[in-house]
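Listed below are the residues making up each chain.
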Amino acid sequence: MNRISVTFSPGFLRFSAASVRNVPTDFVELLIHPEKKLLAVRPSDKNKRTALRWSLPKREKYYPRIIRGAAFLPTLYNLLDWNPLYSHRILGSLKQKDKDVFLLFELSHTEIRIPAASLKEKTDSPFGKGEGTVDSKYHILYPENWSDNFGEKYFANQPLETSQVTEWKSNLTGIPFEKEPFLHTTPLEKLNQNIKKLIDKIQQEQNNE
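Residues numbered from 1 in each chain as written. Predicted model: local features only at pLDDT ≥ 70, side-chain atom pairs only at ≥ 80, totals over all residues. Heavy atoms only, no water.

1. Details of the overall build of the protein chain
When helices and strands are counted, the protein chain shows four helices and 13 strands. When each of the 209 residues of the protein chain is scored for burial, the buried share is 30%. Taken as a whole, the protein chain presents about 14,900 Å² of accessible surface, with 52% of it coming from carbon and sulfur. (Helix = DSSP H or I, 4+ residues; strand = E, 2+ residues; numbered from the N terminus. Buried < 20%, exposed > 50% of the residue type's maximum accessible area, 1.4 Å probe, protein only. Areas by Shrake-Rupley, 256 points an atom, 1.4 Å probe, with all protein chains shown as cover.)

2. Structural notes on unusual backbone geometry
Although it is not a glycine, Arg59 sits at a positive phi angle of roughly 55°. Within the secondary structure layout, Arg59 lies in the loop between β6 (55-58) and β7 (61-64). Of note, Asp81 is a non-glycine position whose phi angle comes to about 60°, a positive value. Using a relative accessible area of 68% as the deciding quantity, one classes Asp81 as exposed.

3. Things to note about the nonpolar core
Grouped together as the largest cluster of nonpolar side chains are 24 residues, with contacts concentrated most on Phe8, Phe15, Trp54 and Phe105. For this core, the secondary-structure elements that each account for two or more residues are β1 (5-8), β2 (12-15), α1 (17-22), β4 (38-43), α2 (73-80), β9 (87-97) and β10 (100-106). For this core, the element with the highest residue contribution is α2, accounting for four residues. When residues no more than four places from it in sequence are discounted, the contact partners of Phe105 are Ile4, Ser5, Val6, Phe15, Ser19, Lys37, Leu38, Leu39, Val41, Ile90, Leu91 and Gly92. (Core = buried A, V, L, I, M, F, W, Y, C linked by side-chain atoms within 4.5 Å. Contact = heavy atoms within 4.5 Å.)

4. Here we look at the environment of Arg3
With respect to the secondary-structure elements, Arg3 resides in the segment before β1. Between the C-alpha atom of Arg3 and that of Ser93, which follows or precedes it by 90 residues, the distance is 8.8 Å.

5. Examining the pairing of strand β11 (residues 111-115)
Pairing geometry for β9 and β11, over three bridges, is antiparallel. In the strand pairing of β11, His88 is matched with Ile112. Two elements, β11 and strand β13 (residues 138-142), share four bridges in a ladder whose sense is antiparallel. Directly across from Pro115, in β13, lies its bridge partner Tyr138. (Pairing = 2+ DSSP bridges.)

6. Some thoughts on the pattern of salt bridges
Side chains that differ in charge, positive against negative, can pair when their charged atoms come close. According to the stated counting rule, one finds four salt bridges in the structure shown. In this structure, Lys48 and Glu29 form a salt bridge, with 3.4 Å as the shortest nitrogen-oxygen distance. Of this pair, Lys48 sits in the loop between β4 and β5 (52-53) while Glu29 sits in strand β3 (residues 27-33), and the two are 19 residues apart along the sequence. A relative accessible area of 39% places Lys48 in the partly exposed class. (Salt bridge = Lys/Arg side-chain N within 4 Å of Asp/Glu carboxyl O.)

Okay, structure coming up:
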């Protein structure tokens, strides 16, 4: 509970208390880099179309709010090739320089919570030889390579020293991601001109007949 983390479920997502208290704001914007599998969370103005309310202030503290994501979570699961029946929890890190602050999550480093009823054996994991723990309802599974190291990824998730930062560029506008090649459609004005030319040509041919 004291670590920066986010949990994705098929119908909603929720950030930890440490997340919302390190970025004390009511609204945030989520930015996904689908190729590098990174999630950035930055403060946002509530009037922005992409703003999400992620916290509820109470007694001068911020508390996490469940974010319903039926409209966008299926797309996110599809981009990341996640099983839509499983929940995913990812640890994150705080990045800060002066007043510029955001959270960063590596979406490829996730623990997975799988309903126990859907697995016959512990080793039936999305990672092949995954290791996991079991409670009465869920298997909690981790990537196998986590068992061979400690420290590197942990320290990578700690707040980065500001001396290492030159410029975040974290205020750039997000760019919509297109899985398919962008479709260059004909402008409406040009389309109307072409239709008019086609009609004129048909009428001319009819008059010649």
